[in-house]
Each structure stands twice: as structure tokens, then as C-alpha cells.
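Inside the fold
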Amino acid sequence: MNRDNWQVGGQELSSRLFLGTGLFPDPYVQMEAIKASGTEVLTFAIRRIHLDSVEDDSILQHVEPQKYIYLPNTSGATTADEAVRIARLARASGLSDWVKVEISANKRTLLPDPIETLRATEILVKEGFTVLPYISDDPVICKKLEEAGAAAVMPGAAPIGTGLGILNPYHLGLIVEELSVPVIVDAGLGTASDVALAMELGVSGILMNTPVAKAKDPVMMARSMRLAIEAGRLAYLSGRIPKKKYASASSGLESLVIE
Amino acid sequence: MSGDIIVMGGGIIGLSCALELRRRGLNVALLEKGPCGGQASGAAAGMLAPYSENVESPDEFFRLCRESLSLYPQWQQAVKDISGVPFEYAETGSLYVVRHEADLLALESRLEWQRSWGSGGEILTGSALFDAEPGLTREAVAALRTPVESHVYAPDLTEAVKRACLASGVQIHEHLGRIELAEWRERVALWAQNGERFEADRLLISTGAWVQEMSEPLGIRIPVHPIRGQICAYTWNEERERLRHLVFTSQGYLVQKANGTLVCGASEDIAGFDTSVTEKGIRRLTEWNKQVLPVLGEVQPFHRWAGLRPAVLDGRPLIGRLDDAGHIFVAAGHYRNGILLSPVTAALIADSVEGKPLPEWCGAFRPNRFGEVQAGAFSGK
Ligand SMILES: Cc1cc2nc3c(=O)[nH]c(=O)nc-3n(C[C@H](O)[C@H](O)[C@H](O)COP(=O)(O)OP(=O)(O)OC[C@H]3O[C@@H](n4cnc5c(N)ncnc54)[C@H](O)[C@@H]3O)c2cc1C
């Protein structure tokens, strides 16, 4: 395959997988899975991090910081103000100036609050952050986030951790069509076929955590996701055949005639 | 020597299984390459904390932990009665302390599912929190209190289980050095380094972080690896305010022991089978813990040590009999919770040795679940 790099906030990336660091059974499995996934971007909840001394944090201490871009997230925030405060803390600690805005309205579904997310995105963009909001798969709000200056927009396929796969492929397709910044599917995917399908719809990347971390073999699953992203991306770029109602022989019917 | 069952490994898991098997009438011999309790089990903080250790969702592993907690009151009493050895068992409850407002959402969803599983939990804030645990930093925003969690003094428990084994007639052979599995397909035979041969009808493998060594002879994948835990203790005599609960944070925990020490753990290091203590590992603990309990800024730990937790690829222990060799049993890979899980593991192993089927949800712990050796992603069916 030719080089098929892409960019987020001016940063060139080759891997199209962003991996969450939560939920892994232990640091060894986590590090092996990170390696197997080929990811260049790691995401984690800011509230879980030991911000006074990031290199001593229980999770980040195992990661070689120069190898990865950190995408800290504001999970747990329920308002824009709270998310903004958390993002500022993360930047002040020298962690990263990328931030995933994650503001949940409901503790059972953890679905994003679109209004607060838009507000936080506006504020953080003005403050110079590279902002990647997690949002519902609604084309209208996704467009508004792009207009507010989001470096990428990250619609969920389904609620976080459910593994339900892409509940609304139609909307996801529209979002890809209407946005010019990268679209990254964040949350709700379950397995490799979900990932391939998302990539075939033309999204630029995938962010996931649970399907890898909670697999029976997280390391093998990380590799599977890497391959699924590549397969889906190649299929998208190659152009699939149209669907037809009836069969048409691939060898051409003439060849079946015996003389 | 010949008997009903040989138990390989004398940590808390092997010892507890041996005791339970003996209580059910079997002739048991336990083989330990070093001293009993000389590895992870002697290093543990002894917390019995299914709720604080499972913060996401009530899966099979949580269920196993909770089941074991419910067995503890009777189990620890039985160990005391049989051994005549006392040890600390403290029903203190726990506090999971958070320092960000943003942690409240996660605490609330945890509270909701854990209460429906008997945690009796509640969220404490403000003066209620500082009344409950006066030494805490005033920067603590809230804590989830789980009154049913408790702790034991792990080295004493391990020693007591060993004495209970001896008192009830388990033959314990320690300091055997290298032990080789000579035969296992029909009957079981093992050679110790000194030339002694041990035979039995059945074998239980409970060799903790070393259990992967059995992968090759048995032909099954046993993806267990060591994760080192470094931990330290402070002298905590009468002049100091005693901690009333187990205290957890996202970075580690604090446990007040009756013997006048305060234990602070623990790192999770990728360091192979190296059990040394490092400057960096302990500094990490002393840096965060004073932010939770400010008085720790004034003192230095007097004791530092480390142990190897047996970690499994999917985070769950291996408990049960082998599919194709019904006389071989495995109990290993208990990672951070082997002290907690010892009674339930002993009960499940004794049940399966007696031929009882394990409950269906225990399928999550089947020792065969990772398939055969070399059955990688692209071979086999
Ligand atoms: C710092 C630290 C803190 C912890 N805190 C807690 C806690 O608070 N609560 C909790 O529930 N758990 C805790 N744990 C985890 C707990 O200690 C372990 O899960 C538990 O001790 C595992 O018991 P085990 O018997 O499987 O392993 P071990 O205690 O390691 O025993 C295995 C034994 O097998 C022997 N062996 C190995 N190979 C052979 C062989 N071929 N033949 C014969 N013998 C062999 C070894 O010498 C060893 O004695 C902690 C662990 C650490 C390191």
C-alpha cells in the first residue's frame, strides 16, 4: 500500500487507531496490546492521572512518552465549565495540548451532552487547544463542532462500552460527507467487522478501548483491530462493487458452454 | 510416597486448597520448592475488597470475589480453630477517595450497581467524610464508603493455613528445589531435586506466577506472567491517628494493621521474575500517599518489600480441572486478589475434585480456555 497518512491538528499520523488505556487486566498486557495495535495516539481520563507527577502515574509510567501523542479526555465532566477546568489542568501539567472533550449527560448511557460539548469546544479552541470532541452521531451538531474549530470530530457508533456496533450507518455516512476535518468513530464498536465497516463508510480513524482491553486475548485483538482498519480503509479507497439482486458469473457465462 | 492428590505450590492458594481437600477426607501431600508463603502470599497487603477492586461492572470475576468475601468470616474462623494460630481479621470497611469533581459521576454509577450487589455503599462528602476519616486531605472531594470490605494480615493468615494443614494431616514438603513432572497422563509422579519421588492419583497445580512452566508438559496455553508489586510500611504507634478504613485511590491504597504499622501499596511493574525493591518504585508510593494522608509527608517507611502477582492474559484466574485430563486441576493466576479469593478457590477446587460440576458462570475461569500450545491465530480450525 502507498503511504496513506493523514493529519489531525497539523500532526501527521500513519496509524488510524487511537487506543484507550483503561480497563486492561495489567500493565504488561496493556503495553503488549499498544504495541500490537500500532497506535500513535493514547487516550485516558484526566481525572485518573496523577497530574503532579505524570511520569509516576500508575498507568503512564509504563509508556514511553516520546513515542505517543497523548489525547487526555474530560470524562466525568457533566458541564462545559467542568470540562474546560479539567482540560486546563491537563495542559498545565505538561501532559498535552490535545484534548478529547467528553461531557456526559446521563450516568447510565454516558451519552454526550451536545450543547455543553459545543460550548466547551468553542472555549478550548479559543485557548489554543487541539480539540477532539466526542459527540453523538448527529450530522448537524458534528458540522457545528467543525465550525467551532474542532481539529477532528468523534461521533459515537453506540454508547461507550456497549459493543453494539454502528447503530446508524446512514448518519455516519452523512457526517463523513459533510465534514472536511477528520471524522473518528469513538465508542460503541465491538469487534473487527464493526471497525472495517466504519472505515468502509469513509471515516478517517477509530478510537476504542473496551473491545481490545476486555477481549480474552487483548494483544491478539489489538492486532485484529489494526488489520481491520487497514482492510476497511483499503476497501474504501478501492471502491466496492455495487450490490445486485441476481447472480452474474464471474467467469462469464460463455466459458461454461461446452462445444 | 503415594496418596490421593499432590498439591504443587505452597502459597495461600495451594495451602487453602490442601486444607479444604483434607477436610473433605482426601490424603494430601503439598510440595513447595522454597518455603511455604515465601512468594506473593507473604507479600500481600491482605485486603478483602471485591468492590474497590472491581469498579466497572459486575462480571464473573467480580462475582467470584464477592462470593469469596462472603465465605471469609467462617473460613478464617475455621483456620483459627484448626490451627490454634491467631491472626488479624479486621472488618473495617473501605473508602475509595477521589480528588476531582469529575470523579463523582463514576462513583455514582459504581454505587448504583454495587449497592444492588450488596455493597451497602454510600458516598461521603464534606464533614461526613472527614468525621469518618479525620486524617484525610481536605482536598478530597468525596469517597465511596463500602462497609462490607475488610482485611487480614496476609503473612499470618498464610502461616495459620499452613499450621492448619499440618494439624489436620496434610503432608507438607518444603524447600524441595526443582520439581519435575515425570508422569501425568495416567497417574501422577513428580521428582524432587534430592531424588525423592512423589506419586498420587491426582495433581493440583497452584504455582502462582510460575504456573506457565507447566504449559509445555501439559500441552496447553497458560498465559500467566509475573507483575511485581512493591509495597512499604510505616511505624504507626499510639501517637498517630489510626486509619479507620482501608483507603483506596486511583494510585494505590493504605491499610492500618493492628500490629502498629501502616501499609502502603503497591506498584505494578513489568520486571520479569525480579523481586527487588527499587528507589523509583517506593518513591512513587511516598509521593502520592502524602497527598491523601498529609501526615505521611513527615515520616519515612521502615520496611519495603516486593512480590510477584500471577497475572493472566484476560485478567481472570485459572480454576478447575483440565478438559482432557480429569485428574489434573489448576488453581493459579489470582493476580491482585489471591488472598481474597483463597476460600472460594479452595471450595471450587474441592468440589471439582469430588466430581461435582462447577456453576456455569465459573466457565470464565476454565484452565483450558486459551487452547492448546501453538494454537495461534492462524493455525488449527
Ligand atoms: C505487593 C502485593 C500486594 C498484594 N495485596 C493483596 C491484597 O491486598 N489482597 C489480595 O487478595 N491479594 C493481594 N495480592 C495478591 C496475592 O498476594 C496473590 O494473588 C496470591 O498471593 C497468589 O497466591 P499463590 O498461592 O497463587 O502464589 P504464591 O504465593 O506466589 O505461591 C506460589 C508458590 O508456588 C511455589 N512454586 C513455584 N513453582 C513451583 C514448582 N514447580 N513446584 C513447587 N512449588 C512451586 C512458589 O515457590 C510459591 O511459594 C498482593 C500481591 C502483592 C505482590
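Residues numbered from 1 in each chain as written. Chains lettered and ligands numbered in written order. Predicted model: local features only at pLDDT ≥ 70, side-chain atom pairs only at ≥ 80, totals over all residues. Heavy atoms only, no water.

**Here we look at the overall build of chain B**
Put simply, the rule is: Numbering of helices and strands runs from the N terminus; a helix is a DSSP stretch of H or I covering at least four residues, while a strand is a stretch of E covering at least two. All radius of gyration figures rest on C-alpha atoms, and the globule criterion is 2.2 Å times the number of residues raised to 0.38. Residue exposure (1.4 Å probe, protein chains only): buried if accessible area is under 20% of the type maximum, exposed if over 50%, otherwise partly exposed.
When its secondary structure is counted, chain B shows 10 helices and 19 strands. In summary, chain B has a C-alpha radius of gyration of 21 Å against a globular reference of 21 Å for 381 residues, a match within 12%. Over its C-alpha atoms, taken along the principal directions, chain B stretches across nearly 65 × 45 × 40 Å. Out of the 381 residues in chain B, the part that is buried amounts to 58%.

**Overview of the overall build of chain A**
A tally of regular secondary structure across chain A gives eight helices and 10 strands. Over its C-alpha trace chain A gives a radius of gyration of 20 Å, about what one expects of a compact globule, namely 18 Å for 259 residues. C-alpha atoms of chain A, sized along the principal axes, occupy 85 × 40 × 35 Å. In chain A, buried positions account for 55% of the 259 residues.

**Comments concerning the nonpolar core**
One broad trend across soluble globular proteins is that nonpolar side chains are buried collectively. The cut-off we apply is this: Definition of nonpolar core: a set of buried residues of the types Ala, Val, Leu, Ile, Met, Phe, Trp, Tyr and Cys, connected through side-chain atoms within 4.5 Å. Note on contacts: a residue pair qualifies if any of its non-hydrogen atoms lie within 4.5 Å across the two residues.
If you look at the biggest cluster of nonpolar residues, it comprises 93 residues, and the most contacted ones within it are Val203, Ile206 and Met208 of chain A together with Leu190 and Leu203 of chain B. Looking at this core, the element that brings in the most residues is helix 2 (residues 80-92) of chain A, giving six residues. If near-sequence neighbours (up to four positions away) are discounted, Val203 of chain A is found in contact with Leu172, Val176, Val183, Val185, Ala198 and Arg233 of chain A. Core analysis: the next-biggest nonpolar cluster, separate from the first, contains 53 residues, Ala18, Val85, Ala331 and Trp361 of chain B among them.

**A closer look at the interface of chain A and chain B**
Applied cut-off: In this description, buried area is defined as the sum, over both parts, of the accessible area (probe of 1.4 Å) that is lost when the two are combined. By salt bridge we mean one thing: a side-chain nitrogen of Lys or Arg within 4 Å of a carboxyl oxygen of Asp or Glu. Here a polar contact is taken to be a pair of N or O atoms separated by no more than 3.5 Å, where protein atoms must pair a possible hydrogen donor with a possible acceptor and residues adjacent in sequence count only if both atoms sit in side chains.
Counting residues at the interface gives 37 residues for chain A and 35 residues for chain B. For the pairing of chain A and chain B, the buried interface totals around 3000 Å² over both sides, and the portion due to carbon and sulfur atoms is 56%. Here Arg85 of chain A and Glu101 of chain B are joined by a salt bridge, their closest N and O atoms 2.7 Å apart. Our enumeration of links across chain A and chain B arrives at eight residue pairs in polar contact (both at pLDDT 80 or more). Looking at the side of chain A that touches chain B, the elements with two or more residues in it are helix 1 (27-37), helix 2 and helix 8 (218-238) of chain A.

**Some points on the pairing of strand 3 (residues 17-20) of chain A**
Residue and element names in this part refer to chain A. We count it as follows: In short, DSSP must find at least two bridges between two strands for them to pair.
By the alternation rule, side chains of strand 3 split into Leu17 and Leu19 and Phe18 and Gly20, which are all buried. With three bridges joining them, strand 3 and strand 10 (residues 205-208) adopt parallel strand pairing. Across the sheet, residue Leu17 finds its bridge partner in strand 10, namely Ile206. As paired strands, strand 3 and strand 4 (residues 41-45) are joined by three bridges and run parallel to one another. Residue pairing in the sheet places Phe18 in a bridge with Val41 of strand 4.

**Observations regarding the side chain of Thr286 of chain B**
All names here are of chain B. When you line up the elements, Thr286 lands in helix 9 (residues 279-292). At 3.1 Å, the side chain of Thr286 and the backbone oxygen of Arg283 are in polar contact. Once residues within four sequence positions are removed from consideration, Thr286 is found in contact with Tyr234 and Pro301.

**Examining the environment of Gly338 of chain B**
Residues and elements named next belong to chain B. Turning to its location among the elements, Gly338 is positioned in helix 10 (residues 338-353). A C-alpha to C-alpha distance of 7.0 Å links Gly338 and Ile13, two positions 325 residues apart in sequence. What Gly338 contacts, discounting residues up to four positions off in sequence, is Ile12 and Ile13.

**A closer look at the site of the ligand**
Residue and element names in this part refer to chain B. Spelled out, the test is: Near is defined per residue: the residue qualifies when any heavy atom it owns lies within 4 Å of the molecule or strand. Accessible surface is estimated by sampling points in the Shrake-Rupley manner with a 1.4 Å probe; for residues, cover comes only from the protein chains shown. As annotated, the domain borders come from an automatic or database domain assignment.
In the region of the ligand, 33 residues are neighbours, and Glu32, Ser41, Met47, Tyr335 and Leu340 sit closest. Taking Ile12, its main chain carries an N or O atom lying 3.3 Å from an oxygen atom of the ligand. A distance of 2.7 Å separates an oxygen atom of the ligand from a polar backbone atom of Met47. Taking 1000 Å² as the accessible area of the ligand by itself, protein coverage stands at 98%. For the shell around the ligand, the elements supplying multiple residues, two or more each, are helix 1 (12-23), helix 2 (40-43), strand 13 (224-235), strand 17 (303-312) and helix 10. Both of domain 1 (2-46 + 155-223 + 314-365) and domain 2 (89-149 + 226-312) provide at least three residues apiece to the shell around the ligand.

**With respect to helix 7 (residues 154-168) of chain B**
Residue and element names in this part refer to chain B. Spelled out, the test is: A helix is expected to span 1.5 Å multiplied by its residue count minus one.
With 15 residues, helix 7 ought to run about 21 Å at 1.5 Å a step, and its terminal C-alpha atoms sit 21 Å apart, in line with that. Buried residues of helix 7: Ala154, Leu157, Thr158, Ala160, Val161, Lys162, Ala164 and Cys165, and no others. For helix 7, the elements touching its buried residues are helix 1, helix 2, helix 4 (60-83), strand 8 (150-152), strand 9 (171-173) and helix 10. At the exit of helix 7 stands Gly169, carrying a positive phi of roughly 100°.

**Some points on the sheet that holds strand 3 (residues 47-48) of chain B**
Residue and element names in this part refer to chain B. Sheet architecture is open: three strands sit in the order 3-8-4, paired in antiparallel fashion. The open sheet terminates on both sides in strands that have one partner only, identified here as strand 3 and strand 4 (89-90). In the sheet, strand 4 pairs with strand 8 via two bridges, with the strands oriented antiparallel. What sits directly across from Tyr89, in strand 8, is Val152.

**What about the confidence of the model for chain B?**
We apply this condition: The quantity called pLDDT is the predictor's confidence in a given residue, expressed from 0 to 100.
Mean pLDDT over chain B works out to 95, with 98% of the residues at or above the 70 mark. The ipTM, which scores confidence in the relative placement of chains, is 0.91 for this predicted complex, and the corresponding pTM is 0.93.

**Here's the deal with helix 1 of chain A**
Burial analysis of helix 1 of chain A places eight of its 11 residues in the buried class, the great majority of the element. Along helix 1 of chain A, the positions that sit buried rather than exposed are Pro27, Val29, Gln30, Met31, Ala33, Ile34, Ala36 and Ser37 of chain A. On the buried face of helix 1 of chain A, the contacting elements are strand 3, strand 4, helix 7 (210-213) and helix 8 of chain A together with strand 13 of chain B. The N-capping residue of helix 1 of chain A, defined by a side-chain oxygen 2.8 Å from the backbone nitrogen of Tyr28 of chain A, is Asp26 of chain A.

**Points about the sheet that holds strand 6 (residues 122-124) of chain B**
Residue and element names in this part refer to chain B. Just so we agree on the cut-off: For every element, the axis is a line fit to its C-alpha atoms; helices are fit only across the contacting stretch, and the angle between N-to-C directions ranges from 0 to 180 degrees.
Overall, mixed pairing links the eight strands, which are arranged 6-7-5-14-15-16-13-17 in an open sheet. In the strand order of this sheet, the two ends are held by strand 6 and strand 17, each with one partner. In this sheet, neighbouring strand axes are inclined to one another by 25° on average, regardless of whether the strands run parallel or antiparallel. Taken together, the five bridges between strand 15 (residues 252-257) and strand 16 (residues 261-265) define a ladder with antiparallel strand orientation. By the bridge assignment, Lys257 is partnered in strand 16 with Thr261. Set on the sheet, helix 9 makes contact with strand 13, strand 14 (246-249), strand 15, strand 16 and strand 17; between it and strand 13 the angle comes to about 55°.

**What to know about the environment of Met214 of chain B**
Residue and element names in this part refer to chain B. Positionally, Met214 belongs in the loop between strand 12 (197-205) and helix 8 (215-218). With a relative accessible area of 6%, Met214 lands in the buried category. With 33 residues separating them along the chain, Met214 and Leu181 place their C-alpha atoms 8.6 Å apart. Ignoring any residue separated from it by four or fewer positions in sequence, one finds Met214 in contact with Met8, Leu181, Ile205 and Ile222.

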